[in-house]
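Next come the chains, spelled out residue by residue.
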Amino acid sequence: MVQSELKKQFSHMNNMQQQAVFCTEGPLLILAGAGSGKTTVLVNRIAYILQSELCKPWQILAITFTNKAAGELKERICNAVPEGGSDIWAATFHSTCARILRRYGDRIGFTSHFTVYGTDDQKKLVKDILKQLNYDEKMLPVKRVLNEISKAKDEMLTPQEMLKRAGYDNLKQSVAKVYEIYQSRLKTADAMDFDDMLCKTVELFQKCPDILEFYQNQFKYIMVDEYQDTNKVQYKFVSMLAAKYGNICVVGDDDQSIYKFRGATIENILSFENTFKGAKMIRLEQNYRSTQNILNAANGVISNNTMRKGKTLWTENAVGDKIEVHTSDSERDEAQFIAKTILDGVADGRKFSDFAILYRMNAQSNSIEQALSRSGIPHRVIGGRRFYDREEIRDMVAYLQVINNPHDDVRLGRIINVPKRGIGATTLEKASEIAAGLGESIYSVIKDADVYPQLSRAATKLKSFVALIDGLMEAEQSGDYSLAELYNLILEHTDYEKYLKTEKDNPDVRIENIEELSSNIIKFEEDYAEEASLSNFLEEISLQTDIDNYDAEADSSVMMTLHSAKGLEFPVVFIAGLEEGVFPSIATMMNPDELNEERRLAYVGITRAKEKLYITKAKSRMLMGHTSYNKVSRFVNEIPPELLNYTGEKKTFASTNGFSASSSHISIGAGSKFTPNKSFNTFTKPAVKSGTVYKKGDCVFHKVFGKGMIMKTEKMGNDTMLEVAFDKAGTKTLMANFSKMEKI
Ligand SMILES: Nc1ncnc2c1ncn2[C@@H]1O[C@H](COP(=O)(O)OP(=O)(O)OP(=O)(O)O)[C@@H](O)[C@H]1O
Ligand SMILES: [Mg+2]
């Protein structure tokens with residue numbers, strides 16, 4: 001096809017978009033707002049490159065944020081370019097690296113069967129190490145240690161470098177020590193955690209220039225979506241790969257950067273132009289996704305952030321409905337409102353899949369899910385308790401992992417006595433100690449259990465466990481069994497179902513899950529045919545991020561956190577819990593940087609909506625065991641008021657913009673140790689509860705917040721809401737019933 005003919009195919013795109021599509025050579029940065037067609041440009045650019053025969057499909061690397069997005073990208077390209085479209089490397093950073101490491105990991109000491117450790121495995125390992133080092137978990141909580149390790153890996157810091165940086169800080173030194181052992185334990189187990197996959201690939205490139213060169217030659221065109229959320233090591237990875245051809249195109253939106261706390265850094269956008277000399281920059285400013293009202297609301301909120309590159313999106317779309325802000329009494333009523341609105345919408349001709357419910361925290365999903373279930377609304381919850389997180393599924397997957405790689409100590413530890421076979425924790429501990437001493441895996445040790453006097457009492461049992469695993473490994477390697485058959489062999493030889501029936505609660509549900517896993521395996525074998533190996537199956541599950549459970553085909557509403565919603569769009573969006581202390585979340589309210597990040601998250605949320613946006617909040621909210629009475633979120637107040645339509649209860653909690661960051665209150669129980677009030681004052685309407693009456697001007701002492709003065713009282717049902725200005729803690733809103741406060 002002649003070039004001009006070819007280019008005509010892209011005439012439905014606007015000028016700037018077309019420029020981005022046709023600009024194939026050299027570094028290109030597309031910096032543009034939400035819904036302006038960044039992802040659309042990427043897809044079309046790949047189609048254009050292939051149709052122009054600039055390279056072979058396998059010479060294109062397209063990195064996207066989720067496996068789901070990668071799959072969609074591939075599908076859209078396959079439609080545009082039926083031939084070879086499927087050979088494109090379209091994947092997440094993690095699966096791209098996994099693929100490289102499976103092939104060349106042996107050059108840095110891993111086998112091609114290495115295991116990927118998920119969060120639970122990591123926690124278990126760190127717990128073990130803390131115990132080994134005699135560190136107190138209270139001083140060094142497992143989660144914090146893992147966070148620090150992950151942060152270090154994002155920055156490519158080795159344990160030694162971490163130790164150096166720790167200086168005289170004892171706590172930091174301890175973390176570095178744990179980090180060091182953690183890495184060596186992973187190595188002996190032939191395992192990596194998620195962050196390692198990137199770090200190890202960069203390490204591989206650094207240590208083996210021939211391999212780097214091989215991939216540099218392979219990937220003539222590299223593209224990265226959601227570039228604003230790449231961290232340092234990811235940046236290193238792509239820039240190493242792109243060093244030869246320099247044909248790298250990254251697309252992103254600095255206003256949508258929402259993973260800074262994980263090490264993602266906007267600096268990567270800014271330094272792109274430095275690393276890649278002569279980089280072109282294209283901005284897209286027309287939004288095709290949302291109504292004018294929704295877009296203006298998003299613009300209104302994000303304009304409150306400082307340090308922006310600054311851009312204003314516009315759209316030719318219709319003005320659309322106003323944004324509905326709905327106030328409910330409680331989180332249950334909020335959920336009920338959402339369910340009813342969906343039902344009404346469906347009665348009016350919408351599909352269930354038109355609706356998405358977004359929230360700040362997974363904990364909010366519970367009440368919403370219940371309401372949807374009760375109303376018979378088909379829905380899926382993305383995140384939350386995932387199938388692969390269930391105990392019985394983890395057990396069965398651990399068996400599969402051990403058969404794939406018996407040196408995987410964490411998985412082996414999980415199943416060595418499940419179902420019970422008389423191998424107690426002490427025996428396992430002893431075996432683990434011997435293994436640590438020898439620098440070998442537990443499996444290698446228990447294989448020769450009778451050699452070690454410490455294990456002599458359990459030797460027979462250990463050997464029979466090894467025989468079970470060896471037998472299953474043999475079956476797997478013989479090639480005589482399909483994966484599904486292998487899975488059945490495990491069930492049979494471990495008598496796992498009987499164990500569930502005799503030892504566990506809800507055995508029926510668990511057995512159903514076990515069967516569900518079997519259907520997943522069968523489906524995997526159908527989809528992957530010859531490539532349906534055990535290690536590929538395990539890889540697929542370990543790489544499955546939450547978002548991947550979402551199937552856009554099925555007609556069901558979808559619930560997910562705001563973070564998971566990135567890049568997606570829906571005709572109708574609910575954002576639930578727009579309250580101070582929920583969104584923005586309490587932990588972020590004191591720190592301006594974190595608040596800016598929350599605001600970007602609000603921007604992401606609002607811009608997911610195409611036609612209609614609902615913002616919901618509740619006057620009282622039971623969340624994670626506490627009831628709180630929160631003010632409306634500042635983000636609602638940042639939306640120009642003429643775009644809003646309030647429904648439900650009137651704005652009882654109206655707040656002024658920028659009201660004290662600590663204005664939300666979590667009640668701490670109803671213990672009332674109040675002294676009876678004697679100074680009843682009939683002139684200012686007093687707040688009466690449990691014998692205590694508060695009025696404006698009263699001085700109080702609060703157990704947590706210290707001394708303060710009542711600024712405002714407002715009767716609310718049987719209780720009274722108090723606004724109290726504390727000397728040190730700032731202004732807080734408290735309910736009289738619950739506050740641990742006395743008049744002074
Ligand atoms: N030139 C165009 N004409 C019509 N519709 C378009 C055009 N470009 C993009 N769209 C549509 O606009 C919507 C948003 O596009 P896309 O998802 O590519 O935006 P994005 O910039 O990647 O958004 P986000 O920042 O949320 O990731 C999609 O529904 C897409 O089909
Ligand atoms: Mg996108």
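Conventions and cut-offs
- Residues numbered from 1 in each chain as written.
- Chains lettered and ligands numbered in written order.
- Predicted model: local features only at pLDDT ≥ 70, side-chain atom pairs only at ≥ 80, totals over all residues.
- Heavy atoms only, no water.
- UniProt positions renumbered as here; feature names shortened; annotations may be inferred.
- Contact = heavy atoms within 4.5 Å.
- Helix = DSSP H or I, 4+ residues; strand = E, 2+ residues; numbered from the N terminus.
- Buried < 20%, exposed > 50% of the residue type's maximum accessible area, 1.4 Å probe, protein only.
- Phe/Tyr/Trp six-rings, centres within 6.5 Å; stacked < 30°, edge-to-face > 60°.
- Lys NZ or Arg CZ within 6 Å of the ring centre and 35° of its normal.
- Near = heavy atom within 4 Å.
- Polar contact = N/O pair within 3.5 Å; in protein donor to acceptor, adjacent residues only side chain to side chain.
- Areas by Shrake-Rupley, 256 points an atom, 1.4 Å probe, with all protein chains shown as cover.
- Nonpolar A, V, L, I, M, F, W, Y, C, P; charged D, E, K, R; others polar.
- Salt bridge = Lys/Arg side-chain N within 4 Å of Asp/Glu carboxyl O.

A. The arrangement of the UniProt feature "binding site: ATP" (unreviewed entry) in the protein chain in detail. Mapped onto the present numbering, the UniProt feature "binding site: ATP" (unreviewed entry) falls on Ala32, Gly33, Ala34, Gly35, Ser36, Gly37, Lys38 and Thr39. Those residues in contact with alanine 32 that lie beyond four places of it in its chain are Lys38, Gly252, Asp253, Leu284 and Lys311. Note that glycine 33 resides in the loop between strand E1 (28–32) and helix H3 (38–51). Overall, glycine 33 belongs to the buried group, its relative accessible area being 0%. Apart from the residues lying within four places of it in its own chain, the contact partners of glycine 33 are Lys38, Asp253, Gln256, Leu284, Lys311, Leu313 and Tyr603.

B. Geometry of the environment of phenylalanine 205. When you line up the elements, phenylalanine 205 lands in helix H10 (residues 194–207). Here phenylalanine 205 falls in the buried class, since its relative accessible area comes to 2%. For the pair phenylalanine 205 and tyrosine 215, spaced 10 residues apart in sequence, the C-alpha to C-alpha distance is 9.3 Å. Not counting residues up to four positions away in its chain, the partners in contact with phenylalanine 205 are Ile100, Ile211, Leu212, Tyr215, Phe237, Met240 and Leu241.

C. The packing of aromatic side chains, seen in detail. Counted under the stated rule, the structure contains 21 aromatic pairs. Between phenylalanine 10 and tyrosine 48 the ring centres are 5.9 Å apart and the planes differ by 85°, which places this aromatic pair in the edge-to-face class. Placement of the pair is phenylalanine 10 in the loop between helix H1 (3–8) and helix H2 (15–22) and tyrosine 48 in helix H3, with a sequence separation of 38 residues. When the ring of phenylalanine 205 is compared with that of phenylalanine 237, the centres are 5.9 Å apart and the planes differ by 10°; the resulting orientation is stacked. Placement of phenylalanine 205 in helix H10 and of phenylalanine 237 in helix H12 (residues 232–242) is noted, with a sequence separation of 32 residues between them. Judged by relative accessible area, which is 0%, phenylalanine 237 ranks as buried. Here the aromatic residues Trp89, Phe93, Tyr104, Phe205, Phe214, Tyr215, Phe219 and Phe237 are joined through ring pairs into a cluster of three or more. Positioned above the aromatic ring of phenylalanine 110 is the side chain of lysine 187, whose terminal nitrogen or guanidinium carbon lies 5.7 Å from the ring centre.

D. Seen up close, the site of ligand 1. Neighbouring ligand 1 are 19 residues, the closest being Gln17, Lys38, Thr40, Glu569 and Arg608. For ligand 1, a nitrogen atom lies 3.5 Å from a polar atom in the backbone of histidine 12. Side-chain polar atom of glutamine 17 to a nitrogen atom of ligand 1: 2.8 Å apart, as the coordinates give it. When ligand 1 is considered free in solution it has 640 Å² of accessible area, and contact with the protein chains removes 81% of it. In the shell around ligand 1, the residues fall into 3 nonpolar, 11 polar and 5 charged.

E. Up close: unusual backbone geometry. The omega angle of the peptide bond from valine 418 to proline 419 is -10°, so this bond is cis rather than trans. Looking at where proline 419 falls in the secondary structure, it is placed in the loop between helix H18 (409–415) and helix H19 (425–438). Positioned with a positive phi, glutamate 53 is a non-glycine residue whose angle comes to about 55°. Its location among the elements puts glutamate 53 in the loop between H3 and strand E2 (60–63).

F. Seen up close, the pattern of salt bridges. Applying the stated rule across the entire model yields 43 salt bridges. For the salt bridge of aspartate 329 with lysine 619, the shortest nitrogen-to-oxygen distance reads 3.4 Å. Taken together, the residues aspartate 329 in strand E9 (residues 323–330) and lysine 619 in strand E14 (residues 609–623) connect sequence positions 290 residues apart. On the accessibility criterion, lysine 619 (15% relative accessible area) is buried. Taking the shortest distance from any N to any O, the salt bridge between aspartate 395 and arginine 414 comes out at 2.7 Å. A residue pair is termed long-range when its members are at least 10 positions apart, and aspartate 395 in helix H17 (residues 391–404) and arginine 414 in helix H18 qualify at 19 residues. Residue class for arginine 414 comes out partly exposed when judged on its relative accessible area of 30%. Residues joined in a network through salt bridges with shared partners are Asp120, Asp121, Arg394, Asp408 and Arg411.

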